[in-house]
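Listed here are the chains, written in short residue letters.
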Amino acid sequence: MTATSTGGNVRRLGLRTTITASFALGALLLSVSMALGTYLLARNYLVDQRERTASRQAFTHASSVRDGLLTSGARVSDVLGALSLPSDGTVVVRRDDTWFSSSLDIGEDDIPAELREMAADGSVGLTWQDTEQGPAVVVAVPLPAVGAHFFERVVTTELSRTLDALRIILTVFAVLTAIAGALLGRWAARRVVAPLDRVAGAAARIAAGSLDTRLDRTDDPDLATIVASFNSMVDAVNDRIARDARFAADVSHELRSPLTALVTSVDVLHGRRDELPARSQQALDLIRSDLSRFQRVLEDLLDLGRLEAGAAALVLGVVDARALTAHAMEAAGVSPERLASAEGAEPATVRVDKSVMHRALVNLLENGERHGGGVTGVTVTSSPGAVVLTVDDEGPGVPRSDRTRIFERFVRGGSRGSLPGAGLGLSLVAETVRAHGGTVRCSDGPAGSGSRFTVQLPAADRRPSNRAPTRTGRSA
């Protein structure tokens, strides 16, 4: 089921709305069908009963008129005056081409032509006609014994009122039934969607790092398979993450030990650098530089793997975001003048692992210095529930198609091909920010040139707290 918006775009209805609308429409169709059937049956019955009553009444009055006219010297007007007619009934008699009526308002022209013809042919007839007072039933009875034709018209006002009341009652019944169907559909939709909501909530908690989340067992045979499959999937994911964490720990142990020994040996050689020949000094400088780069790449890879696997042990504490940014700028070699003044600004505090977030901010600032033509401005602002850090550079900018890819590991923009780097800095920034419940994105610079990187982190509770720092995550 679809719905078209005013802009011409087709928007698919939600599952709850679809179920509710289906129940309401079904209830409406059912109630309308029942109401229409009830009305037609009741109308036919009441009309048939009214016609029978009018026919019996007409034959009774016709017999009285015939008996009266059989009396010698009786006049038609006197006979009609002697009849006991109801307030809604009128009698018209034709005798010797002369018309007589019990009412001054009704005469020959008010009798339907087909009834006059039937009476002239000696047949009894009945028909309905519309009058100013409402529908009326007209009965024709020939009186050959006295050479007359008898007509009686009865206005059925009470029948019209009864049918009108019946229509109103059935219409209200149909509307109430449709509303009841909609309410029932809403309840059914909630029951149907409730398991999906529980699955979605569990998936969201798992995505946030709560890998011990499981769906409760159910006795519903239709849901038992889904619950078991979901829990099995989470167990498999948890096992895979545990294996990745163990692999990261093994790699860390196996690579760090020989690398540390190698770096120590090179540092010893570097301490006696002046005793080496010139060519050996150049080789030593090259080895020392590559070892330093390799050590940093290894640390970035290990940290990135732990963050992605949820195995990083984060020691969370409340930190002043502006002070943390200033320290990161100093470590990255960015002039402190680039940090926008915070005079009169509200405190910007975040709950983060200070050392891990410091390293991520250093990577972000170094990215702007090395690959963005230099950092032109850094701002830290506080908004309700969030702290936003922006870093602007004056480089060539990042194409829209690459603004998501640059946060993936080993991805380097086209302008970075001749510059050092393994393409891990921004991916480490993204994973660190994500591990702290925040987001990072890339956009155009403020003046339409360069790039702007925006980091948004949840604001910490500003109330004073004596609690110790919180440790989160799972260590390898």
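Residues numbered from 1 in each chain as written. Predicted model: local features only at pLDDT ≥ 70, side-chain atom pairs only at ≥ 80, totals over all residues. Heavy atoms only, no water.

## Here's the deal with the packing of helix α8 (residues 354–371) against helix α9 (residues 425–435)
It is at 9 Å that the axes of α8 and α9 come closest, and there the two elements cross at 140°. What the angle tells us is that α8 and α9 run oblique. Every pair of crossing elements has a handedness; the one defined by α8 and α9 is left-handed. In this structure, α8 contributes Val356, Met357, Arg359, Ala360, Asn363, Leu364 and Asn367 to the contact, and α9 contributes Gly425, Leu426, Leu428, Val429 and Thr432. Residues that form the contact of α8 with α9 fall into these classes: 7 nonpolar, 4 polar and 1 charged. (Axes fitted to C-alpha atoms, helices over the stretch in contact; angles between N-to-C directions. Helix = DSSP H or I, 4+ residues; strand = E, 2+ residues; numbered from the N terminus. Parallel < 35°, antiparallel > 145°, perpendicular 65-115°, else oblique. Left-handed = near helix turned anticlockwise from the far one by under 90°. Contact = heavy atoms within 4.5 Å. Nonpolar A, V, L, I, M, F, W, Y, C, P; charged D, E, K, R; others polar.)

## Notes on the packing of aromatic side chains
Taken as a whole, this structure holds 2 aromatic pairs when the rule is applied. Here the aromatic rings of phenylalanine 407 and phenylalanine 453 are separated by 6.2 Å at their centres, their planes lie at 80°, and the arrangement is edge-to-face. Separated by 46 residues along the polypeptide, phenylalanine 407 in the loop between β11 (386–393) and α9 and phenylalanine 453 in strand β13 (residues 451–458) bring together distant segments of the chain. The residues phenylalanine 407 and phenylalanine 453 share a single accessibility class, namely buried. (Phe/Tyr/Trp six-rings, centres within 6.5 Å; stacked < 30°, edge-to-face > 60°. Buried < 20%, exposed > 50% of the residue type's maximum accessible area, 1.4 Å probe, protein only.)

## Things to note about the sheet that holds strand β10 (residues 375–383)
Pairing is antiparallel in the open sheet, where 4 strands are placed in the order β10-β11-β13-β12. Where the open sheet ends on each side, the last strands, each with one partner, are β10 and β12 (439–444). Here the average twist between neighbouring strands, direction ignored, is 15°. Relative to β11, β10 runs antiparallel, the two sharing 8 bridges. (Pairing = 2+ DSSP bridges.)

## Describing the sheet that holds strand β7 (residues 148–155)
The strand order across the open sheet built from 5 strands is β4-β3-β7-β6-β5, with neighbouring strands paired in antiparallel fashion. Strands at the two margins of the open sheet, each flanked by one partner only, are β4 (98–101) and β5 (125–131). Across the sheet, the mean angle from the axis of one strand to that of its neighbour is 20°, orientation sign disregarded. As paired elements, strand β6 (residues 134–143) and β7 share 8 bridges and run antiparallel to each other. The residue bridging valine 138 from the neighbouring strand is arginine 153, located in β7.

## With respect to unusual backbone geometry
Phi is positive for aspartate 96, close to 55°, though the residue is something other than glycine. Inspection of the secondary structure puts aspartate 96 in the loop between β3 (89–95) and β4. At aspartate 97, a residue that is not glycine, the phi angle is positive and equals roughly 60°.

## A look at the nonpolar core
If you look at the biggest cluster of nonpolar residues, it comprises 34 residues, and the most contacted ones within it are Leu365 and Phe407. The set of elements that each furnish at least two residues to this core consists of α7 (321–332), β9 (349–352), α8, β10, β11, α9, β12 and β13. It is α8 that contributes the most residues to this core, 6 residues altogether. Ignoring any residue separated from it by four or fewer positions in sequence, one finds phenylalanine 407 in contact with Leu426, Ser427, Ala430, Val440, Arg441, Cys442 and Phe453. (Core = buried A, V, L, I, M, F, W, Y, C linked by side-chain atoms within 4.5 Å.)

## Observations regarding empty space enclosed by the protein
Over the atoms, a rolling probe the size of a water molecule traces out where space has been left empty. One pass over the structure, following the stated rule, counts 1 cavity of 30 Å³ or more. Lining the largest cavity, in full, are Ala321, Leu324, Thr325, Val350, Met357, Leu361, Val380, Val387, Leu389, Val455 and Leu457. Looking at the lining of the largest cavity element by element, the count peaks at 3 residues for α7. Taken together, the residues of the lining of the largest cavity break down into 10 nonpolar, 1 polar and no charged. (1 Å grid on protein atoms, 1.4 Å probe; cavity = no way out; pocket = protein on both sides within 12 Å on 5 of 7 lines; lining within 4 Å. Points joined across faces, edges and corners; volume = space filled by probe spheres on them.)

## Here's the deal with the environment of leucine 314
Tracing the chain through its elements places leucine 314 in strand β8 (residues 314–320). For leucine 314 and serine 355, which are 41 residues apart along the polypeptide, the C-alpha to C-alpha distance reads 9.3 Å.

## As for the side chain of aspartate 392
One can find aspartate 392 in strand β11. Look at aspartate 392 and you get buried, because its relative accessible area is 8%. The contacts of aspartate 392, once residues within four sequence positions are left out, are Gly374, Val375, Thr376, Gly377, Pro446, Ser451 and Arg452.

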